[in-house]
Amino acid sequence: MFADRTDAGKQLAKKLEKYQHQDTLILAIPRGGVPVAIEIAKHLYAELSMIIARKLPFPFNPESGFGAVAEDGSTIILHSAAANLSQERVDLIIEDQKREITRRIKILRSGNPLPNMQGRMVILVDDGIAMGSTMRAAIKTCKKHNPGKLIVASPVGSPEVARALQFKDAVDETIILEKPKFFRSVSQVYEHWHDVADHEVLAIMNQWHRSYADS
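Remember, predicted model here, so these are calculated numbers, not experimental data.

Novice: Whenever I open this one, the nonpolar core confuses me. Can you help?
Specialist: Generally speaking, nonpolar side chains in soluble globular proteins are found buried as a group. Judged by nonpolar contacts, the single largest core of 46 residues is most densely connected at Leu 16, Ile 26, Ile 40 and Ile 123. Here the element with the most residues in this core is helix 2 (residues 33-44); it accounts for seven residues. Every residue in contact with Ile 26, bar those within four places of it in the chain, is listed here: Ala 37, Ile 40, Ala 41, Leu 44, Ala 46, Glu 47, Leu 48, Ser 49, Ile 123 and Val 125. Among the nonpolar cores identified, the runner-up in size contains 26 residues, and Ala 70, Leu 78, Val 152 and Ala 162 belong to it.

Novice: Would you explain helix 4 (residues 133-143) in this entry?
Specialist: Residues lying three or four places apart along an α-helix face the same way, a consequence of the helix completing one turn every 3.6 residues. Most of helix 4 sits inside the fold, with nine of its 11 residues counted as buried. The set of residues buried in helix 4 consists of Ser 133, Thr 134, Met 135, Arg 136, Ala 137, Ala 138, Ile 139, Thr 141 and Cys 142.

Novice: Would you mind showing me how to read the side chain of Thr 134 here?
Specialist: Locating Thr 134 in the fold gives a position in helix 4. For Thr 134, the residues in contact, after removing those within four places along its chain, are Ile 29, Ala 53, Arg 54, Lys 55 and Ala 68.

Novice: It is not clear to me how the sheet that holds strand 4 (residues 61-70) should be interpreted in this structure. Could you clarify?
Specialist: Strands belonging to one sheet form pairs held by backbone hydrogen bonds; the direction of such a pair is parallel or antiparallel. Taking strand neighbours across the sheet as the criterion, the three strands line up as 3-4-5 in an open arrangement whose pairing is antiparallel. Across the chains shown, the open sheet's two edge strands, defined by having one partner strand only, are strand 3 (53-58) and strand 5 (75-77). Adjacent strand axes in the sheet meet at a mean angle of 45°, parallel and antiparallel pairs treated alike. Both strand 3 and strand 4 contribute to a ladder of five bridges, which runs antiparallel. Residue pairing in the sheet places Arg 54 in a bridge with Val 69 of strand 4. Sitting on the sheet, helix 3 (residues 87-108) is in contact with strand 3, strand 4 and strand 5, with an inclination near 145° to strand 3. Packing against the sheet, helix 4 makes contact with strand 3, strand 4 and strand 5, and its axis sits at approximately 10° to strand 4.

Analysis parameters
Residues numbered from 1 in each chain as written. Predicted model: local features only at pLDDT ≥ 70, side-chain atom pairs only at ≥ 80, totals over all residues. Heavy atoms only, no water. Core = buried A, V, L, I, M, F, W, Y, C linked by side-chain atoms within 4.5 Å. Buried < 20%, exposed > 50% of the residue type's maximum accessible area, 1.4 Å probe, protein only. Helix = DSSP H or I, 4+ residues; strand = E, 2+ residues; numbered from the N terminus. Contact = heavy atoms within 4.5 Å. Pairing = 2+ DSSP bridges. Axes fitted to C-alpha atoms, helices over the stretch in contact; angles between N-to-C directions.

Shape is all these values report; function is a separate question.
The following block contains the structure:
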């Protein structure tokens, strides 16, 4: 159990200590992954940025989804989940999420491109992995940039998701601290949980930029 995302990030950082001082790049999936990721970046003395990926939500149940799309268009579709949706509806949902991705790149990353990943140690971080499609879309994007090593790190995820990320997408390592046997939602392992807003992400990134510039 974690007190909050900051506590989860500190605990996760301890499991990643072997990657200190290795030209490591931490890529958070916003918004919830950012307060987790900054604790890892500070502990590892690593560069911190964001990779934007979005769940593809069901029109009748936006809390659930049938896949995900990342900022370069890399898409994961869970075909069994999307079986009752027309291709036209799927395409419309993808386009809606691409517009939100464009907005987040502009607001949260100041319109900047992804950092260089070529040959680097890249750690993908989120505050939890439910279905795994958002993380898998982010993985697909990262692999196109030829990182030297690609690692997935999250405070919580189901055992099934952990195995799927390790073998289906061939990441080099998957580190998930809590794997509840009866997984219901990411929030179940947090004592304090809230939806992270844009202004919180910007404040965290400004804090990191000040610390990184002084280091």
